[in-house]
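Take a look at the letters that make up each chain.
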4 protein chains.
Amino acid sequence: MLIKMAANATKGQIEHVVERIRECGFQPHLSEGEERTVIGVVGKSDGRRSEVEALRAAPGVDEIIPIANPFKLASRTMRPEGSIIELGKGVTIGGTQVVVGAGPCAVESAPQIEEVAGRVAAAGAKLLRGGAFKPRSSPYSFQGLGEAGLKMMRAAADNHGLLVVSEVMDPSQIELMVRYVDVLQVGARNMQNFNLLRELGKVRKPVLLKRGIAATFEELLCSAEYVLAGGNYELILCERGIRTFETYTRNTMDISAIPIIHKLSHLPMTADPSHGTGRRDKVAPMARASVAAGADAMLIEVHHQPDKALSDGAQSLYPEQFAKLMDELRMIAPAVGREIA
Amino acid sequence: MLIKMAANATKGQIEHVVERIRECGFQPHLSEGEERTVIGVVGKSDGRRSEVEALRAAPGVDEIIPIANPFKLASRTMRPEGSIIELGKGVTIGGTQVVVGAGPCAVESAPQIEEVAGRVAAAGAKLLRGGAFKPRSSPYSFQGLGEAGLKMMRAAADNHGLLVVSEVMDPSQIELMVRYVDVLQVGARNMQNFNLLRELGKVRKPVLLKRGIAATFEELLCSAEYVLAGGNYELILCERGIRTFETYTRNTMDISAIPIIHKLSHLPMTADPSHGTGRRDKVAPMARASVAAGADAMLIEVHHQPDKALSDGAQSLYPEQFAKLMDELRMIAPAVGREIA
Amino acid sequence: MLIKMAANATKGQIEHVVERIRECGFQPHLSEGEERTVIGVVGKSDGRRSEVEALRAAPGVDEIIPIANPFKLASRTMRPEGSIIELGKGVTIGGTQVVVGAGPCAVESAPQIEEVAGRVAAAGAKLLRGGAFKPRSSPYSFQGLGEAGLKMMRAAADNHGLLVVSEVMDPSQIELMVRYVDVLQVGARNMQNFNLLRELGKVRKPVLLKRGIAATFEELLCSAEYVLAGGNYELILCERGIRTFETYTRNTMDISAIPIIHKLSHLPMTADPSHGTGRRDKVAPMARASVAAGADAMLIEVHHQPDKALSDGAQSLYPEQFAKLMDELRMIAPAVGREIA
Amino acid sequence: MLIKMAANATKGQIEHVVERIRECGFQPHLSEGEERTVIGVVGKSDGRRSEVEALRAAPGVDEIIPIANPFKLASRTMRPEGSIIELGKGVTIGGTQVVVGAGPCAVESAPQIEEVAGRVAAAGAKLLRGGAFKPRSSPYSFQGLGEAGLKMMRAAADNHGLLVVSEVMDPSQIELMVRYVDVLQVGARNMQNFNLLRELGKVRKPVLLKRGIAATFEELLCSAEYVLAGGNYELILCERGIRTFETYTRNTMDISAIPIIHKLSHLPMTADPSHGTGRRDKVAPMARASVAAGADAMLIEVHHQPDKALSDGAQSLYPEQFAKLMDELRMIAPAVGREIA
């Protein structure tokens, strides 16, 4: 941490800061520039970092600049070679394969999920995605089929050799969900639901954590840290669009998140172009862009009758559009040294 | 809902949309302009609204424009005169009084909360604020004292005739918290934790719901709807800053949220200038601005030793700064027909 | 400037950076922490700062952190007591008076501007605002009356003892405008029109520079620096709303800009609640909030027939609303040690 | 245009709106829903649209919803097959070729631009990019070599069979620039410099217009309209990153702008991954993503000694990185039915 003093900070103000740094168990390290003094805060003093941060508002202090990363276990330096997460059935995320998950926004019925599962498996998907518990902005919207939906999805996946990924919204649902799914997804709205993250740290199943719509990369990696610190290293991250001033798309999908997370962290990085754009005709271009930027995996909404979907129909691909997209992705993957089965 | 067709939409495309609207149980209402056709969707058909929304991506459709508000119980039209929430001990929010809550970010010890409670009560605060469960970005930061903290806060509040407001992070904490607090606060990160909101709809205690840092007014009111729909009408909203491109302040406090929420909803509106700015010297100007803009209540962080606070010290006022601010607020309140006791 | 090396930076990478700093004429200053090395860049070497900044992407470099402000003449340290700008007719901005400018978005006709000038002068305004050259998003919108409009505005202002403020869009308009106006306004869209700013540095008339809708405080002050560096110290800044994710209001007016600019700079700070919100019923609350937060001046759109205005009618106050607002502002000003004539 | 009345709008309020619509020369078209009345505004009445928009703040009006696009000539419906812009020397943008422009941020010297031109031409670039007039946030930064720089760039381009693209900042520079360059670039900061756009509408040379960092797609296309309305149809658009809350990258490059502009407009769309990210190691992934998303052209900063560049060195590629990237782009282009020479 560096404490940047104001240009006109008095001697007394500097001394107060220096003293307070020592009281908190760190060593102050003064550097007097022509314009102002900068004080380095060196050493370790567990848990007292935020006490030093309180000096940000002390007289004569201009700014406090963090130097150390607030995340450790999620950092690339922990595992420079990158993590490869095994999902089962020989599917791994983080290696040379680009893994594609596909399926409807929500499980609506057994025939629906069975139909979609068959179509996406035929096109090359390895995971079946679909919501049984749906976080909806309005209490009057369809909230998902719950356990019944999980059962339908598990059956459809098993029929077609797929793995299942589905969203968990609350710690109380974990026990139920681990019986049906292969990957537990944490949605964007829950990226900072710390009680949920802490409980998922105790689970021994892969977790897919989505970036919140207003979350910085640092905050995403701090949330990842909650899961890792609990002992669950089977963690995958996902970009699904951030909120910006532009309202033409539901969100602005931040493709740069893919190479950035790869640089900052060893964790695999997934792209969700369906939520990232909210518009069917933008899904394929953004999916292609994601693979070209180096995504390890992809989640894509597919519905056999999107005009009749109970939720998010407008961003779901028709099965034949998905199949065409898979062919395009297969052409792009070799440009980044990857392949799609 | 209005469906704006593309300028070059074909007859067949328009017919498909019309037919689908009828299938979902609504009446289509065509208006053919010089440039394009706009189709009104009239009538009621519970739960099938999102099916019509799926047409957004249908061929020939340009855009879907919602007309009805997605929130009902939270809407101003439900209670044009505005809601007044009784907190107990004669304190009401939403009337002519501007109510001020004050206290530390986190309860740290019995002497700390006792000292702060005495100081803020003397200056005119009616509520004691303080966290016992702290949502922290990093798992390595101080997470709060839990029930022990709640006990300390309750005792300090009772000693000085104050009410207690504190944050609940998870449904599992509700039962414990209602025994100690007068107002259950939902933090910005949990504004769309729908399971938590649904549970708080069953409680019979006032809830203070903070706007998420990336939440639109409509989303805030939809989240309010979850609590109201559960039958809990003792609901208060709060602006605490939104995330923008500007990083000089922790957040950009959106003062306009105060008159806007007052127009859209009957619920009282609170301002939190401490989280709204994150900088001590900005708290007083923004608190004055909030009262001038019509805030019904205010939450302000105060600490007797902010340089030594375990969290958020940089945005906490000294007790004497708080007392001075209260005097300024008392001068401003009459300009908006209000008073501060 | 500080160069934060990566945790795993090699010795050779650190040496390359050190050498390059010396080549550019600065002194490197190493600080080896437990986790990583931080290199301070000390000394002066005009114009070569951006060469050192290029090291941001050099191998082993994590980040470059600026320490010195990029603005000098605009900085508070240049004039700690604050600047007071004299506009003529005894009106000064930056002192104990809060100065209010009012008038229509655009000058539409001689009777219109005469009528509005009379009404706002009677209510206590000191400046008449109004556009003769209008920057409009669409080439098909009303673009202003040009010189004819300036003449009308000058006459109306003189009739009622007001000063004139109007927007200049291009260097080629300056010569014309200085003949009619007392304050040259630079609009938000031109905040980084550096050729225009440079020319305004040569003028000897007050300039009012509005913050761009996506401009940081630092960028606003860097733009101010262009005017000051040209020798024109009669400069006033203005907050008029920034662009955020929220679309209910035209912009999100950042009231915190007022105390922040007052801390960072000696220049007076104005608030424009009309453009800041874009909605008539939000103008008064935000104007009151601005005075409560310490604004030195205010620009408010007033039209005698806002429903018939050629532009921005929806955000213009009726003259009687403006008069009522002035009374409220007179009640609030004393709370911040100010007064309104 | 649609006028959405409030749920509790009175009969008199509705009549006032209806009457005002007629006064402005339009026909009102009432649609009375169960919850509220919506009034369609039908017909044409040039220039009086903004008068109707002023009703947004009239009593009983909730919102005004535009239906017609504010841009016409830029709209896809004007030229559904898309525009192909001929730059000279057989290079066209908008056809099956993906055209790449490359070069330094600023022209620094004749040997520098000659060296870079040779390297990028060898790798397959068709345009040489480089700034002679530099828009810099700070007045103390390097401002470009002016005409001398243009001469150097022209000579280097001619030596290597390249075309020249360079930025024009002010109407006064146009006459000079058209003598040296093949494409006139308008930078992001000037996207709404309407005087400049109007003058460029009179030029008969291709213009490349960059999206402002806070500009919506609609605003970009309205700015395009200024150039087209002047009679210059040789217009190319460019995405170079928008400003969001994330500060890790200089901007967030909005890859979705590529398919969106292609849908809304017939104009070709370029990507600038160098400014879009501001970090060298992110340029290649984002350039690949842009081609995969369908970009018609690309602008990439390349410098033979980026560590010593006078500006933007941190985002410039080394020539050998550029050559490698070109090879990757050649592999990706066929997936979208394109090729790179």
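For clarity, every value in this text was computed on a predicted model and none was experimentally measured. (Residues numbered from 1 in each chain as written. Chains lettered and ligands numbered in written order. Predicted model: local features only at pLDDT ≥ 70, side-chain atom pairs only at ≥ 80, totals over all residues. Heavy atoms only, no water.)

**Things to note about the overall build of chain A**
So, step 1. The number of helices and strands found in chain A is 11 helices and 14 strands.
So, step 2. Projecting the C-alpha coordinates of chain A onto the three principal axes gives extents of approximately 75 × 40 × 40 Å.
So, step 3. Counting across all 341 residues of chain A, residues that qualify as buried make up 66%.
So, step 4. Considering only contacts in chain A between residues 6 or more positions apart, those separated by 24 or more positions represent 67%.
So, step 5. Of note, chain A has its 40 positive side-chain charges centred 2 Å away from the centre of its 40 negative side-chain charges. (Helix = DSSP H or I, 4+ residues; strand = E, 2+ residues; numbered from the N terminus. Buried < 20%, exposed > 50% of the residue type's maximum accessible area, 1.4 Å probe, protein only. Contact = heavy atoms within 4.5 Å. Lys, Arg positive; Asp, Glu negative; His and termini not counted. Charge placed at Lys NZ, Arg CZ, Asp CG, Glu CD.)

**Here we look at the layout of surface pockets**
So, step 1. In this structure, the second largest pocket spans a volume of roughly 300 Å³.
So, step 2. Around the second largest pocket, the lining comprises 15 residues; the ones closest to its centre are Arg280, Asp281, Ala284, Pro285 and Arg288 of chain C.
So, step 3. Of all the elements in the fold, those that place two or more residues in the lining of the second largest pocket are α8 (257-264) of chain B together with α10 (280-292) and α11 (319-332) of chain C.
So, step 4. Looking at the lining of the second largest pocket, the element that brings in the most residues is α10 of chain C, giving six residues.
So, step 5. Among the residues forming the lining of the second largest pocket, the class breakdown is six nonpolar, two polar and seven charged. (1 Å grid on protein atoms, 1.4 Å probe; cavity = no way out; pocket = protein on both sides within 12 Å on 5 of 7 lines; lining within 4 Å. Points joined across faces, edges and corners; volume = space filled by probe spheres on them. Nonpolar A, V, L, I, M, F, W, Y, C, P; charged D, E, K, R; others polar.)

**Some points on the interface of chain A and chain C**
So, step 1. Contacts between the two partners involve 23 residues from chain A and, on the opposite side, 23 residues from chain C.
So, step 2. Both faces combined, the contact of chain A with chain C buries some 1800 Å², and carbon together with sulfur accounts for 58% of it.
So, step 3. On the surface where chain A and chain C come into contact, there are zero salt bridges.
So, step 4. Sorting the residues of the side of chain A that touches chain C by element identifies β1 (2-5) and β2 (27-32) of chain A as the ones contributing at least two each.
So, step 5. A breakdown of the residues in the side of chain A that touches chain C according to their chemical character gives eight nonpolar, eight polar and seven charged. (Buried area = accessible area lost by both parts, 1.4 Å probe. Salt bridge = Lys/Arg side-chain N within 4 Å of Asp/Glu carboxyl O.)

**Observations regarding the relation of the copies chain A and chain C**
So, step 1. Rotating chain A by 180° about the axis while translating it 0.0 Å along that axis superimposes it on chain C, leaving an RMSD of 0.0 Å. In the structure described here, the two chain copies are related by an operation that fits a two-fold rotation axis. Across chain A, the smallest distance between a C-alpha and the rotation axis is recorded for Phe245 of chain A, namely 2.1 Å.
So, step 2. Taken as a fraction of all interface residues of chain A, those also at the interface in chain C reach 100%, which identifies the copy contact as same-surface. (Least-squares fit on C-alpha atoms with pLDDT ≥ 70 in both.)

**Examining empty space enclosed by the protein**
So, step 1. Summed over all chains, the structure comprises six cavities of 30 Å³ or more.
So, step 2. Its boundaries defined by the atoms lining it, the largest cavity holds a volume of some 160 Å³.
So, step 3. Along its surface, the largest cavity is lined by 18 residues, and Thr244 of chain A, Thr244 of chain B, Phe245 of chain C together with Thr244 and Phe245 of chain D are the ones closest to its centre.
So, step 4. When its residues are assigned to classes, the lining of the largest cavity shows 10 nonpolar, four polar and four charged.
So, step 5. As a volume, the second largest cavity reaches approximately 60 Å³.
So, step 6. In terms of lining, the second largest cavity is formed by 14 residues, of which the most central are Ile93, Leu127, Leu208, Ala297 and Leu299 of chain C.
So, step 7. Mapped onto the lining of the second largest cavity, the elements with two or more residues apiece are β7 (99-103) and β14 (297-301) of chain C.

**Examining the relation of the copies chain A and chain B**
So, step 1. Between chain A and chain B, which share one sequence, the superposing operator has a rotation angle of 180° and an axial displacement of 0.0 Å; the RMSD is 0.1 Å.
So, step 2. Of all interface residues in chain A, 98% are interface residues in chain B too; the two copies therefore contact each other through one and the same surface.

**Concerning the sheet that holds strand β12 (residues 235-239) of chain D**
Residue and element names in this part refer to chain D.
So, step 1. Reading around the circumference, β7-β8-β9-β10-β11-β12-β13-β14 is the order of the eight strands in this closed barrel, with parallel pairing throughout. Neighbouring strand axes in the sheet, compared pairwise and without regard to direction, differ in orientation by 25° on average.
So, step 2. In this sheet, strand β11 (residues 207-210) lies alongside strand β10 (residues 183-186) in parallel orientation, the contact comprising three bridges. Bridge pairing links Gln185 to Leu208 in β11. (Pairing = 2+ DSSP bridges. Axes fitted to C-alpha atoms, helices over the stretch in contact; angles between N-to-C directions.)

**Focus: helix α1 (residues 11-23) of chain B**
Residues and elements named next belong to chain B.
So, step 1. Between its first and last C-alpha, α1 extends 18 Å over 13 residues, near the 18 Å set by a 1.5 Å rise per residue.
So, step 2. What α1 keeps buried is the set Ile14, Val17, Val18, Arg20 and Ile21. Seen from one end, α1 has its buried residues packed into an arc of 165°, which puts them on one side. Of the exposed residues in α1, the ones pointing more than 90 degrees away from its buried face are Lys11 and Arg22.
So, step 3. Elements that come into contact with the buried residues of α1 comprise β1 (2-5), β2 (27-32), β3 (37-42), α2 (49-53) and β4 (61-65).
So, step 4. Note on α1: the residue one or two positions beyond its end, Gly25, has a positive phi of about 95°. (Expected span 1.5 Å × (residues − 1). Arc of directions from axis to C-beta.)

**Side note on the domain arrangement of chain A**
So, step 1. Taken domain by domain, chain A consists of domain 1 (2-66) and domain 2 (85-340).
So, step 2. Relative placement of domain 1 of chain A and domain 2 of chain A: their C-alpha centres are 44 Å apart. (Domains from an automatic or database assignment.)

**Points about the side chain of Asn195 of chain C**
So, step 1. Relative to the helices and strands, Asn195 of chain C is located in helix α6 (residues 194-200).
So, step 2. Overall, Asn195 of chain C belongs to the buried group, its relative accessible area being 13%.
So, step 3. Leaving out residues up to four positions away in the same chain, Asn195 of chain C has contacts with Pro171 of chain C together with Met169, Asp170 and Gln173 of chain D.

**Section: the confidence of the model for chain A**
So, step 1. For chain A, the mean per-residue pLDDT works out to 93, and 99% of the residues sit at or above 70.
So, step 2. For this predicted complex, the interface score ipTM comes out at 0.93, while the overall pTM is 0.94. (pLDDT = per-residue confidence, 0-100.)

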